[in-house]
Amino acid sequence: MASEAAYRTNVWVDWCPACGNFGILTAMQRALAELNIPPDKVVDVSGIGCSGKTSHFLNVNGVHNLHGRSIPYAEGIKLANPELTVLVNGGDGDLLGIGMAHFVALGRRNLDIKVIIHDNQVYGLTKGQASPTLRAGQRVKSMPLPNMQDWVNPISVALASGYTFVARAYALWIDDLKEILKAAIKHRGAAVIDVLQPCPTWNNIYTPDFYKQRLYKLDSEKDWDPYVKGPDPKEVAEKLSRAFAKAQEWGDRIPVGIFYANPYVESFVDNVSKVNPMYMQMSPAKNVIAKDDGTPIVDVPTMRAIFKDYIINVRKKHN
Amino acid sequence: MALKEVHLLLGGPQGAGVETSASVLTASLAGLGYGIMSDREYYSNIVGRHSYVHFTISATSFPRSLTYPVELVGAMDAESVLTHFHEVAPGGVLVYDAGVDKTKISQVISMEPEVRERVEARFKEYGLEPTVGNAAKIVEEKLNAHSVPLDFRKILDEARQKLGVSSVEVQRYRNSILLGAAAAVLGVDPEVIRDGLSVRFKGNQKIVNANMVVIGLTMESVPKDVRGLAKLDEPKLDVEEMISASGNDVIGMAKIVGGVRYQSYYPITPASDESVFIEAHQAVSVDGKPVGSIVVFQTEDELAAINSAIGAALTGVRAATATSGPGFSLMAEGLGWAGHNEVPLLITFYQRGGPSTGQPTRGEQADLLFSLFASHGEFPRIVIASGDIEEAFYDTLKALNWAERFQVPVIHLVDKYMANVISAMRMPDPSKVKVDRGKLILKASGPMKRFDLSDPISPRPAIGSGAITWYTGDEHNEWGHISEDPINRVKMYDKRMKKLEIMDQEIPVEERAVYYGDDNADFLLVGWGFVKGAALDALEELKQEGYHGAYLHLKVFSPFPSKYVADILSKFDPKRVIDVEHNYLGQAAKVIEMNTGFEISRFILKYTGRPMYRMELKEAVKRILEGKSVREVLTYGE
Ligand SMILES: Cc1ncc(C[n+]2csc(CCOP(=O)(O)OP(=O)(O)O)c2C)c(N)n1
Ligand code: SF4
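All values derive from a computational prediction rather than experimental measurement.

(A) Seen up close, the sheet that holds strand β7 (residues 165-170) of chain A. Sheet architecture is open: nine strands sit in the order β9(A)-β10(A)-β7(A)-β8(A)-β4(A)-β3(A)-β1(A)-β2(A)-β21(B), paired in mixed fashion. The open sheet is flanked by β9 (215-217) of chain A together with β21 (470-472) of chain B, the only strands paired with a single partner. Across the sheet, the mean angle separating the axes of adjacent strands is 20 degrees when strand polarity is ignored. Sheet topology note: the β7(A)/strand β10 (residues 254-261) of chain A ladder contains four bridges and is antiparallel. Paired with Ala167(A) across the two strands is Ile258(A), which belongs to β10(A). Across the sheet, helix α7 (residues 174-186) of chain A is in contact with β3 (85-91), β4 (113-119), β7, β8 (191-196), β9 and β10 of chain A; its angle to β7(A) comes to roughly 165 degrees.

Next up, the structure:
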């Protein structure tokens, strides 16, 4: 097992004291260390917001990009080089507001990317406006008026979009989060972990106190088993509807843990391999595109072969 | 007498196969050794609206422009006759369906009201009711040309019997009546068309034979006196092999040859066909031996298209996307990220009529300024525009090299005309452009300074190379970590902007602007993109009339070849420098002024959505040279 410290940079972490993001960061470092994935084979793709800075604090390849666009960046990276472990860290605003179309699209593609939602119900870095996970009527510290828009439920949206691994965790239960992260990374397909993240600076509703009184672990329920055991549509339907039902619980009792996991759905990488059998051995990142003398590997004879339907041989003689 | 150059127009409702006929004819005539190009004009509609293909066929050269009138108008329906009969050249032919002879313009409900008004006015001049029969009469009596009503129903009925197919199925071969008519008027052996059909239908003999039956029956029905009326000279082109393809296809080919292994796109006319072409060739193998694999990723929108391509580029893959105006608007933010993070990325920008969704299936060159300035902040980029498909092929290879060598995004400007032109092109030679991957590092280890300041162009370890690197859209330090330090800011800003100078020094000026003409030309046309062919051909014709001009073809707008262009301009009387473009503002003239201080004051502009035709350009040049006007707006073409 690699050391947790190997996954840490020396960049100063500039989150507010007691921010839930610290828990997420620690859990990520531990999960990667326990899985022993070489840092250079991991890419952390992050959006804009407090959460987006995560990339700089992790000693793995970091791509801190535009607000809402992490998922497309991650998809390009994964498709070009399917051997990399690709993680996305983004805020609830980033992933479920401006980036919602990408969030849904990743689910239906089931591309092997792990999305970690830093769900603090606010736009942290722009000073506490309501995010898409804040309920209607609620009013956190910085809001002049109560919220007029109701929430999207990240778990329901993820299940409906086709994610094959859907979980919720709590940022301050670091070990549980770490285990879920490990399971998500090992899962072959698109994974979402909605991490409930206290934002002590702006969010005076969803506080550690609030969570402490309400959170319970799905595992603690007898018979709870989110894993689909075979490619059986009936079982899938059952597990999905149980997961949907659990996703509706938000009140006195709030479940955390794995809601749904189905390893039997073909991933996007599998689908690409199906139409293009040489994809895995010759993924784009492994292509050699020039010969030793610098000329393109696709030379005239190769062009003739590849583009044969477009090549016209001129008749030498005609009437 | 045989002709050096022939022009045709084949029209019919969208979806009726006019486009197929065009590609068959192109393959057929290229197979004989003729040069051929065709422009396809169509509405933003899938089935039913008026569409046509306009050809130039040459015995001596690869044609590069279109002109009117045409030796043959072949019409599949009444609308095509009514819309185009006046474009038949003296001595030319109108071939149409006898079955619509009695059709009045009021019965052609698909015609746009504005077109209808113009057509009615044309008939009024001749004092005739606007009907198909009267159009034929005008062709015969006023235009001194021939009209040939063919009984389409009879031809198809006979074909149906010969082939033993249903009356529904035989309709599929209806467009071959136009091919038969073209073969008859051009005086070519129908077997030549068989070759073209075989190419188009990948050797499917059943389809080829069925079409040949229709073609044969048509040729027999064409009266003797018009057969061979537009016979071409013996072909003089010295070629053994050609590529017959659309601009979209050719750019797709160039991307595959140039090593693009990741292409993302969101469907948009006229860009998507390029991605579809690449997808069809994604498994690059020769004789069963794999050469490479390409991912073509259809995304949920253009935001995802550009940003996923950036992601792919970070792994060291040559990555590209293709779009047109509305899509590029959405890409602007991602473009800035790529510029800021020094990511090599190719964006093929197919301009079409704007603003907004504008004229989605028509051509324009109104996105030059947008390409140069899109996205916020300042960062270096390359903007290159191609004048024809052969240029577009080589420009794509160069663009890919420049992107990696200078670590900048490259915008390759083409347009709808080029996208949809089907041409026969000389087989390109990919060895002319060596692959230059710049400072890409494919094997490394540990944390590395991606933005090392010791050189404006830093070593670029790919993600996956073993190195660990960071990127951010915020200002960064050498490690790629966020920094708001003012001194670092200046260093990084300067590092990036310095590339403008480096590119200006290292990209040869002759690849950025091309002067066509000799030293004693006494006027100058300045243009870019698809204008090139019309301008060069118009100049040749003008020369025969005693006007001696030159053409300055602008190719790279960033980094702009300021000194070279300024030197050329200074040699001309400013009143005899004419900017020629497909837009309203004269955007290239503005770029010239911005970079050289030279103010162009004479303009020939066209923004109807239709290409500039040789004859209208020629006349406009004359009017300007004669001092009759300083700004000509061209409008020819339906
Ligand atoms: C296109 C765009 N719009 C707006 C912003 C401004 N912006 C910066 S951070 C942010 C909100 C981030 O909120 P969230 O994603 O919930 O992350 P958090 O800060 O709470 O971790 C916004 C809107 C931006 N950077 N880009
Ligand atoms: S504003 Fe909230 S989310 Fe952002 S760092 Fe502070 S506590 Fe964390």
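(B) Focus on the site of ligand 1. The local shell around ligand 1 holds 17 residues, among which Cys50(A), Ser51(A), Asp92(A), Asp94(A) and Gly124(A) are the closest. Flanking ligand 1 are residues from chains A and B. The contact in question runs from an oxygen atom of ligand 1 to an N or O atom on the side chain of Asp92(A), over 2.7 Å. A distance of 2.8 Å is found between an oxygen atom of ligand 1 and a backbone nitrogen or oxygen belonging to Gly124(A). Coverage of ligand 1 by the protein amounts to 75% of the 590 Å² it exposes when considered alone. When contributions to the shell around ligand 1 are tallied by element, the ones reaching two or more residues are α4 (92-98) and β5 (122-123) of chain A. No other element matches the four residues that α4(A) contributes to the shell around ligand 1. A per-class count over the shell around ligand 1 returns six nonpolar, eight polar and three charged.

(C) Broad picture of the interface of chain B and chain A. Across the contact, 85 residues belong to chain B and 70 residues belong to chain A. Summed over both sides, the interface between chain B and chain A buries roughly 6,400 Å², with carbon and sulfur atoms accounting for 65% of that surface. Counting the surface chain B buries against chain A, the share from its top three residues, Ser293(B), Phe297(B) and Glu300(B), is 9%. For the pair chain B and chain A, the number of links is four salt bridges. One salt bridge connects Arg304(A) with Glu241(B), and the closest N-O pair in it is separated by 2.6 Å. One can count 26 residue pairs in polar contact (both at pLDDT 80 or more) joining chain B with chain A. No other element matches helix α12 (residues 302-314) of chain B, which puts eight residues into the side of chain B that touches chain A. Of the residues assigned to the side of chain B that touches chain A, the class counts are 43 nonpolar, 25 polar and 17 charged.

(D) The arrangement of the pattern of salt bridges in detail. Considering all chains together, one arrives at 72 salt bridges over all chains under this definition. Of the charged contacts, one joins Lys202(B) and Asp309(A) as a salt bridge, the two residues approaching to 3.7 Å between their closest N and O atoms. With Lys202(B) in the loop between α8 (190-200) and α9 (205-221) and Asp309(A) in the loop between α11 (300-306) and β11 (311-313), the pair connects residues from two separate chains. You can call Lys202(B) exposed: its relative accessible area is 63%. Note that Lys532(B) and Asp388(B) form a salt bridge whose closest N and O atoms lie 2.9 Å from each other. Taken together, the residues span a long stretch of sequence, with Lys532(B) in helix α18 (residues 531-544) and Asp388(B) in the loop between β14 (382-385) and α15 (389-406) at a distance of 144 residues. Accessibility expressed as a relative area gives 9% for Lys532(B), which makes it buried. Beyond isolated ion pairs, a larger network of salt bridges with shared partners links Glu5(B), Arg64(B), Asp537(B), Glu540(B), Glu541(B), Glu545(B), Arg614(B), Lys618(B), Glu619(B) and Lys622(B).

(E) Summary view of the UniProt feature "domain: Thiamine pyrophosphate enzyme TPP-binding" (unreviewed entry) in chain A. Mapped onto this structure's residue numbering, the UniProt feature "domain: Thiamine pyrophosphate enzyme TPP-binding" (unreviewed entry) falls at residues 48-195 of chain A. Each end of residues 48-195 of chain A is marked by a C-alpha atom, and these two atoms are 17 Å apart; helix forms 36% of the span and strand 22%.

(F) Here's a closer look at the domain arrangement of chain A. All names here are of chain A. When cut into domains, chain A gives domain 1 (4-269) and domain 2 (270-318). Computed from C-alpha atoms alone, the centre-to-centre distance between domain 1 and domain 2 is 41 Å. Listed by partner, the interface residues are 11 residues for domain 1 and 11 residues for domain 2. Counting the surface lost from both domain 1 and domain 2, the interface buries some 920 Å², and carbon and sulfur atoms represent 43% of this. In terms of surface lost to domain 2, no three residues of domain 1 exceed Pro82, Glu266 and Val269, which account for 45% of the buried area on that side. Put simply, lysine 286 and glutamate 83 hold a salt bridge, and the shortest N to O gap is 2.9 Å.

(G) Examining α18(B) more closely. All names here are of chain B. In a regular helix each residue adds 1.5 Å, so 14 residues correspond to 20 Å; α18 covers 20 Å between its end C-alpha atoms and thus fits that length. With 10 of 14 residues buried, α18 lies mostly within the body of the structure. Where α18 is buried, its residues contact α15, β22 (513-516), β23 (523-528), β24 (549-554), β26 (577-581) and α21 (614-625). With its phi angle positive at about 95 degrees, glycine 546 sits one or two positions after the end of α18.

(H) Region of the structure containing the domain arrangement of chain B. Residues and elements named next belong to chain B. By the assigned domains, chain B splits into domain 1 (5-226), domain 2 (244-432), domain 3 (440-506) and domain 4 (510-634). Just the C-alpha atoms count here: the centres of domain 2 and domain 4 sit 27 Å apart. Taken together, the contacts link 29 residues of domain 2 with 25 residues of domain 4. Surface buried jointly by domain 2 and domain 4 totals about 2,300 Å² across both partners, of which 57% is contributed by carbon and sulfur atoms. Looking only at domain 2, the three residues that lose the most surface to domain 4 are Gln365, Leu368 and Tyr417, adding up to 30% of its buried area. Counting the contacts that link domain 2 with domain 4 gives five salt bridges. Among the salt bridges present, the one from glutamate 511 reaches lysine 398, with a minimum N-O distance of 3.6 Å.

(I) Structural detail: the sheet that holds β11(A). With respect to topology, nine strands assemble into an open sheet ordered β11(A)-β7(B)-β16(B)-β2(B)-β3(B)-β1(B)-β4(B)-β5(B)-β6(B), the strand pairing being mixed. Pairing within the sheet leaves two strands with one partner each, and these edge strands are β11 of chain A together with β6 (146-150) of chain B. Adjacent strand axes in the sheet meet at a mean angle of 20 degrees when their direction is disregarded. Note: strand β2 (residues 35-41) of chain B against strand β16 (residues 422-426) of chain B, two bridges, orientation antiparallel. Residue pairing for β16(B): Ser38(B) is matched across the bridge by Ile422(B). Relative to strand β7 (residues 241-246) of chain B, helix α10 (residues 247-257) of chain B is tilted by about 115 degrees, and along the sheet it contacts β7 and β16 of chain B.

(J) Fine view of the nonpolar core. One finds Val63(A), Phe103(A), Val115(A), Tyr163(A), Leu554(B) and Phe557(B) to be the most contacted residues of the largest nonpolar core, which totals 100 residues. The greatest single-element share of this core, amounting to seven residues, is contributed by α12(B). The residues contacting Phe103(A), other than those within four sequence positions of it, are Ile71(A), Leu95(A), Leu96(A), Val115(A), Ile117(A), Val157(A), Ala158(A), Tyr163(A) and Val192(A).

(K) Broad picture of helix α11 (residues 272-280) of chain B. The set of residues buried in α11(B) consists of Ser272(B), Glu274(B), Ser275(B), Phe277(B) and Ile278(B). Contacts made by the buried residues of α11(B) are with α10, β8 (260-265), β11 (295-298), β12 (318-323) and β13 (345-351) of chain B.

(L) View of the side chain of Asp579(B). Residues and elements named next belong to chain B. Tracing the backbone shows aspartate 579 in strand β26. Salt bridges are absent for the buried aspartate 579, whose nearest opposite-charge side chain, arginine 631, sits at 7.9 Å. Once residues lying within four places of it in the same chain are set aside, the contact partners of aspartate 579 are Val526, Gly586, Ala588, Ala589, Ile600, Arg602, Phe603, Ile604 and Leu605.

Conventions we followed
Residues numbered from 1 in each chain as written. Chains lettered and ligands numbered in written order. Predicted model: local features only at pLDDT ≥ 70, side-chain atom pairs only at ≥ 80, totals over all residues. Heavy atoms only, no water. Pairing = 2+ DSSP bridges. Helix = DSSP H or I, 4+ residues; strand = E, 2+ residues; numbered from the N terminus. Axes fitted to C-alpha atoms, helices over the stretch in contact; angles between N-to-C directions. Contact = heavy atoms within 4.5 Å. Near = heavy atom within 4 Å. Polar contact = N/O pair within 3.5 Å; in protein donor to acceptor, adjacent residues only side chain to side chain. Areas by Shrake-Rupley, 256 points an atom, 1.4 Å probe, with all protein chains shown as cover. Nonpolar A, V, L, I, M, F, W, Y, C, P; charged D, E, K, R; others polar. Buried area = accessible area lost by both parts, 1.4 Å probe. Salt bridge = Lys/Arg side-chain N within 4 Å of Asp/Glu carboxyl O. Buried < 20%, exposed > 50% of the residue type's maximum accessible area, 1.4 Å probe, protein only. UniProt positions renumbered as here; feature names shortened; annotations may be inferred. Domains from an automatic or database assignment. Expected span 1.5 Å × (residues − 1). Core = buried A, V, L, I, M, F, W, Y, C linked by side-chain atoms within 4.5 Å. Lys, Arg positive; Asp, Glu negative; His and termini not counted.

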